[in-house]
2 protein chains.
Amino acid sequence: MSIRTAIVGYGNLGRGVENSIRHQPDMELVGIFSRRTELDTDTPVYPVADIDSYADQIDVLYLCLGSATDIPAQAAAFARTFTTVDTYDNHAKIPAHYMEMDEAAASGDNIAVVATGWDPGLFSLNRTIASSLFPTYQQNTFWGKGVSQGHSDALRRIDGVRRAVQYTIPREDAISAAREGNGHDVTGHTAHLRQCWIVADESEHDRIRDEIITMPDYFVGYEVEVHFITDDEFARDHQGLPHGGHVITSGELGESRATVEFSLTLDSNPDFTAAVQVAYGRAAHRLRESGLSGAFSVLEIPPYLLAPEPLEELLARDV
Amino acid sequence: MSIRTAIVGYGNLGRGVENSIRHQPDMELVGIFSRRTELDTDTPVYPVADIDSYADQIDVLYLCLGSATDIPAQAAAFARTFTTVDTYDNHAKIPAHYMEMDEAAASGDNIAVVATGWDPGLFSLNRTIASSLFPTYQQNTFWGKGVSQGHSDALRRIDGVRRAVQYTIPREDAISAAREGNGHDVTGHTAHLRQCWIVADESEHDRIRDEIITMPDYFVGYEVEVHFITDDEFARDHQGLPHGGHVITSGELGESRATVEFSLTLDSNPDFTAAVQVAYGRAAHRLRESGLSGAFSVLEIPPYLLAPEPLEELLARDV
């Protein structure tokens, strides 16, 4: 029987989850719950205020809500009534979020899978597995090439900047050092370069470049590239939300060295985050069906529960 | 309380497991069981014929035995009396091995973790997780740089070859194609190059090179490099057992592409295989302590069970 799913929230992530569910062989999408009733979608849309009355029609509720305020304010209430999956990404507060969701989900006999996506999420999984293999190790996480919204906003606040985007890009020399076990010398400032693409009048280029490379916190201390381009080039090349990164773990085993690396190259950060969230929804449903309840992190979930195929098929195909 | 472990078999893998256990904060090594009683080690050595009398002193038994004949002949008998971890690597026969170990382990109320290591093992884990994220995808596994024993043996059978080693090396163009989602065109012959390092008299080099590049099955159809070196160079540079590889999965999500890559660079294949096996022993013990029994593949094991640290610490550190 199909897993009956629904979505709360309809930004980039919610749209990615909607599209992903359509491609799952074992899921159907009951509807999208939103404060807005006019959404540009063929999926049925319902007021989020009415969601509790749909409780017996929904197996898994995908929380596609922001981590800054929506998840902390609303997630536990959803977990009391629904099996949920979120992509909460405030690393420092994940243990507290886990505890809150555990209590809420357990009280409703539901499962709450927390902090899926890729970082936290698949990167967390890899950090734990890789570090478990070494008595001592050096572990570095690199992010990018990816759009930094905060830095892009900072560029757009500069006088004369008409359009701007900032990509954070891991430096090849830092990645090489991590792969060779020398990642302890890699700091936030030396791990990444900041690449700026700007549309502005030519007469302003020199001043804008100066303002960028002297901007404290955001750019000072980093390797910074500033590229001025035309409106057409900006429209053609810089509309996406690429992201990705590397988790590199290197350590000694006896007399020998081993390096474990997990890497992602993503054209669209929200589409991939959505794909991970949807797969963990399958696991959430299966955990619930097996009689369990409470919060689960990605570290606690047997990986085969992510796959639509039965274990026997995976053992024959992937192992 | 420490996990009381023991080892059966004392080749490269057994020695790697012994060394790894010494570095675990939560394990002790009770002894090594072998048919040979004279082993070059400080660990107590016992005759494998007596192993059943140690059943109440051992929590986890590491099966460091060959996959060709020893594991099929002996593993199930051990699983009836001990919680075991093996590195059985005959991919096609893993489902049958799993079934046999499941029955044996369940009959003794033990856990049997099967087919750990890196391929099968960590690569299997990554193949399952990555493929679960895409409606359709292209997945390629590359092996190397690593020593191929079969090809090295083939070189040594050529007249006049005094010493020889063959490394299988993934071709950069094939890896790039896989990363870009064009891995469907990559075949066994185009994925890897075969690099040969040979010690032989100079007068024989041309003939030996000819015999190599025209050897059917082993070398014809591959890109082949043949390097002649001195005895001293061979002794200095080619004594190790390096290995590694890449699992690359690429697919479309909506309008965008994502590529997931897991890579290993290993100075010593047996040392890393041992490190993975030892970590899964921790998981085996914890599964047993939680009251479960039967066979488990790496796909079924919650990843946090590999780590010596408690879940709370991992949630605060890695997630």
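Residue numbering note: each chain is counted from 1, following its sequence as written. By the order in which they are written, chains take letters starting at A while ligands take numbers starting at 1. Local features in this predicted model are restricted to residues whose pLDDT is 70 or higher, and side-chain atom pairs enter the listing and the counts only when it is 80 or higher, whereas totals over whole chains, interfaces and linings include all residues. Heavy atoms from the whole structure form the basis of all side-chain values; hydrogens and water molecules are not counted.

Caption draft 1: Highlighting the domain arrangement of chain A. All names here are of chain A. Throughout, the edges of the domains are those of an automatic or database domain assignment. As far as domains go, chain A holds domain 1 (3-120 + 270-318) and domain 2 (124-267). Across the contact, 10 residues belong to domain 1 and 11 residues belong to domain 2. Sorting the residues of domain 1 by area buried against domain 2 places Trp-118, Asp-119 and Leu-299 first, and these three jointly supply 57% of that buried surface. Each salt bridge in this description consists of a side-chain nitrogen of Lys or Arg and a carboxyl oxygen of Asp or Glu lying within 4 Å of one another. Our count for the contact surface shared by domain 1 and domain 2 stands at one salt bridge. The partner of Asp-119 in a salt bridge is Arg-127, and the shortest N-O contact between them spans 2.7 Å. Per-element tally for the side of domain 1 that touches domain 2: the top contributor is helix H10 (residues 269-289), with three residues. Taken together, the residues of the side of domain 1 that touches domain 2 break down into seven nonpolar, two polar and one charged. Should any heavy atoms of two residues lie within 4.5 Å, those residues are counted as being in contact. The term buried area refers to how much accessible surface (probe radius 1.4 Å) is lost by two components on association, counted for both of them together. Each helix corresponds to a stretch of at least 4 residues labelled H or I by DSSP, and each strand to a stretch of at least 2 residues labelled E; elements are numbered beginning at the N terminus. Polar here means any residue other than Ala, Val, Leu, Ile, Met, Phe, Trp, Tyr, Cys and Pro, which are nonpolar, and Asp, Glu, Lys and Arg, which are charged; Gly is therefore polar.

Caption draft 2: Examining the interface of chain A and chain B more closely. Taken residue by residue, the interface counts 60 residues in chain A and 61 residues in chain B. Together chain A and chain B conceal approximately 4800 Å² of surface at their shared face, both sides included; 66% is due to carbon and sulfur atoms. Linking chain A with chain B are zero salt bridges, by the criterion used here. As used in this structure description, the phrase polar contact means that two N or O atoms lie within 3.5 Å; if the pair is within protein, one of them must be able to donate a hydrogen and the other to accept it, and residues adjacent in sequence are counted only when both atoms belong to side chains. Our count for the chain A to chain B interface comes out at 21 residue pairs in polar contact (both at pLDDT 80 or more). Mapped by element, the contributors of at least two residues to the side of chain A that touches chain B are helix H3 (94-107), helix H4 (122-131), strand S7 (137-143), strand S13 (256-266), H10 and helix H11 (311-317) of chain A. The biggest single contributor to the side of chain A that touches chain B is S13(A), with 11 residues. Among the residues forming the side of chain A that touches chain B, the class breakdown is 35 nonpolar, 16 polar and nine charged. Pairing between strands is defined by DSSP: at least two bridges between the two strands are required. The pairing of S13(A) with strand S13 (residues 256-266) of chain B spans nine bridges and is classified as antiparallel. Within S13(B), the residue paired with Ser263(A) across the bridge is Glu261(B).

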